[in-house]
Amino acid sequence: MKPIVALPLVLAACPLLASCENSGPERDFERMVNQAHFEYYEEAPFFEDRRVMRDPPEGTVPRERFVGPPEVTNGMVDGAFVEAIPVPLSRPMLDDGRKRYEIFCAPCHGVGGDGVSVVAHNMELRKPPSLVAAPVLDYPAGRVYQAIAQGYGLMPTYGQELGVEERWSVVAYVRALQLRTNGVAVDTLPEPVRARMQKELR
Ligand code: HEC
């Protein structure tokens, strides 16, 4: 008969327990730090090779790594920069590239990409180069992508701020700035644009 007596007792104790919740023994938030554990590079007797740092299971992919074809995720294939932008271009992409360029690149490389900015004026050691003149003008698309993804010399990486798609949008916008500054060969224009231009210039 004991359980039947015990149940009302437990129920009666509930409000008491609830009111005790905040005045109980202090929670030990340090217990994960203080519990028995190994430090990096220590020996772990229970593994055959005694290494405490274990390799992740085969095929594990770091959370921050982008997966996909290397020309898109890396801007490089077999150690060589890709020449052309390897993703489809579109107007929304260029608009997005412009927005991000003006936030992340223009403060140093200038709104027009010509390397004229207050930061450039004050950077003494090596200035942000013009992106619309040689040598950057002649860089393959992958090199500009890599500058964003990895940084370059004194330039910090923008790999945290810009994902793969956004980096290519910025590269595309840099290309647009280069074309705006340096002009476009008429015979490379798409037919409708060429026709309109010829009509308007006549
Ligand atoms: C804090 C200033 C700063 C910002 C912001 C910045 N850059 Fe740069 N960038 C530099 C400097 C300085 C260099 C030259 C570095 C050197 O020679 O050590 C450079 C170099 C480059 C180069 C040439 C790399 C090469 O391989 O020669 C490219 C391309 C470039 N930047 C593109 C960009 C783009 C695109 C952005 C925006 C995502 C950007 N930069 C943002 C300062 C900046």
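In the block above lies the structure referred to throughout.
Only a predicted model underlies this, so the values are computations on that prediction, with no experimental measurement involved.

Engineer: Give a description of a nonpolar patch on the surface that names residues and reports values.
Structural biologist: Together, Y40, Y41 and M53 make up a nonpolar patch on the protein surface, roughly 450 Å² of accessible area in all. With respect to the element layout, Y40 can be found in the loop between α2 (31-34) and α3 (70-73).

Engineer: So, the layout of surface pockets: which residues are in play, and what are the values?
Structural biologist: Of the pockets and cavities examined, the largest pocket occupies roughly 690 Å³. Lining the largest pocket we find 29 residues, and of these H109, P129, A147, Y152 and M155 sit closest to its centre. Elements represented by at least two residues in the lining of the largest pocket include exactly α5 (106-109), α7 (141-150) and α8 (164-182). The leading source of residues in the lining of the largest pocket is α7, at five residues. Its residues assigned to classes, the lining of the largest pocket comprises 22 nonpolar, four polar and three charged. Within this model, the second largest pocket holds a volume of roughly 370 Å³. For the lining of the second largest pocket, the secondary-structure elements that each account for two or more residues are α4 (91-104) and α8. It is α8 that contributes the most residues to the lining of the second largest pocket, seven residues altogether. Of the residues belonging to the lining of the second largest pocket, the class tally is eight nonpolar, no polar and five charged.

Engineer: Would you mind going over the coordination of the iron atom of the ligand in detail, with residue names and values included?
Structural biologist: Taken together, H109 (NE2) and M155 (SD) make up the protein donors of the iron atom of the ligand, found 2.0 to 2.2 Å from the metal. Considering all six donor atoms around the iron atom of the ligand, angles at the metal cover 86 to 179° and the coordination shape is octahedral. Linking H109 in helix α5 with M155 in the loop between α7 and α8, this pair joins segments that are 46 residues apart in sequence. Residue classification places H109 among the buried positions, given a relative accessible area of 10%.

Engineer: Talk me through the side chain of T73; I want residue IDs and the actual numbers.
Structural biologist: Relative to the helices and strands, T73 is located in helix α3. T73 gets classed as buried once you look at its relative accessible area, which sits at 17%. Leaving out residues up to four positions away in the same chain, T73 has contacts with F66, V67, G68, Y145, V164 and R167.

Engineer: Now, about the pattern of salt bridges: what can you tell me, with residues and values included?
Structural biologist: Two side chains with opposite charge may pair up if their charged atoms get near one another. Going through the model one piece at a time under the given rule, you end up with ten salt bridges. The salt bridge partner of D95 is R91, with a shortest N-O separation of 3.3 Å. With a gap of four residues between them, D95 and R91 both fall in helix α4, about one helical turn apart. Judged by relative accessible area, which is 39%, D95 ranks as partly exposed. Among the residues examined, R91 registers a relative accessible area of 61% and is labelled exposed. Here the salt bridges share partners, and the residues they tie into one network are D49, R51, R54 and D55.

What counts, and at which threshold
- All residue numbers here refer to positions counted from 1 along the written sequence of the relevant chain.
- Local features in a predicted model are, by the rule used here, given only for residues with pLDDT of at least 70; side-chain atom pairs are given and counted only at 80 or more, and totals for whole chains, interfaces and linings are based on all residues.
- Values shown for side chains rest on all heavy atoms present in the structure; no hydrogens or waters enter the calculation.
- Patches here: salt-bridge-free residues with over 30% relative accessible area, like charges joined within 9 Å, nonpolar side chains (Val, Leu, Ile, Met, Phe, Trp, Tyr) joined within 5 Å.
- Areas reported here follow the Shrake-Rupley algorithm with a probe of radius 1.4 Å; residue values treat only the protein chains shown as occluding.
- When a carboxyl oxygen of Asp or Glu lies within 4 Å of a side-chain nitrogen of Lys or Arg, that pair is called a salt bridge.
- Numbering goes from the N terminus for both helices and strands, where a helix is a DSSP run of H or I of at least four residues and a strand is a run of E of at least two.
- Only protein atoms enter the 1 Å grid used here. Points where a 1.4 Å probe fits but cannot escape make up a cavity, open sets with protein on both sides within 12 Å along at least five of seven lines make up a pocket, and a residue lines them when an atom lies within 4 Å of a point.
- Grid points are joined across faces, edges and corners, and a volume is the space filled by probe spheres set on the points.
- Three residue categories are used. Nonpolar comprises Ala, Val, Leu, Ile, Met, Phe, Trp, Tyr, Cys and Pro, charged comprises Asp, Glu, Lys and Arg, and polar comprises the others, including Gly.
- Each metal site is built from N, O and S donor atoms within 2.8 Å (3.2 Å for Na, K and Ca), and since water is not included, such sites may look incomplete.
- Any site counts as irregular unless it has four donors with all angles between 85 and 135 degrees, making it tetrahedral, or four or six donors with opposite ones more than 155 degrees apart and the rest between 65 and 115, making it square planar or octahedral.
- Each residue is placed in one exposure class: buried if its accessible area under a 1.4 Å probe, protein chains only, is under 20% of its type's maximum, exposed if it is over 50%, and partly exposed if it falls in between.
- Here, two residues are considered to be in contact whenever any of their heavy atoms come within 4.5 Å of each other.

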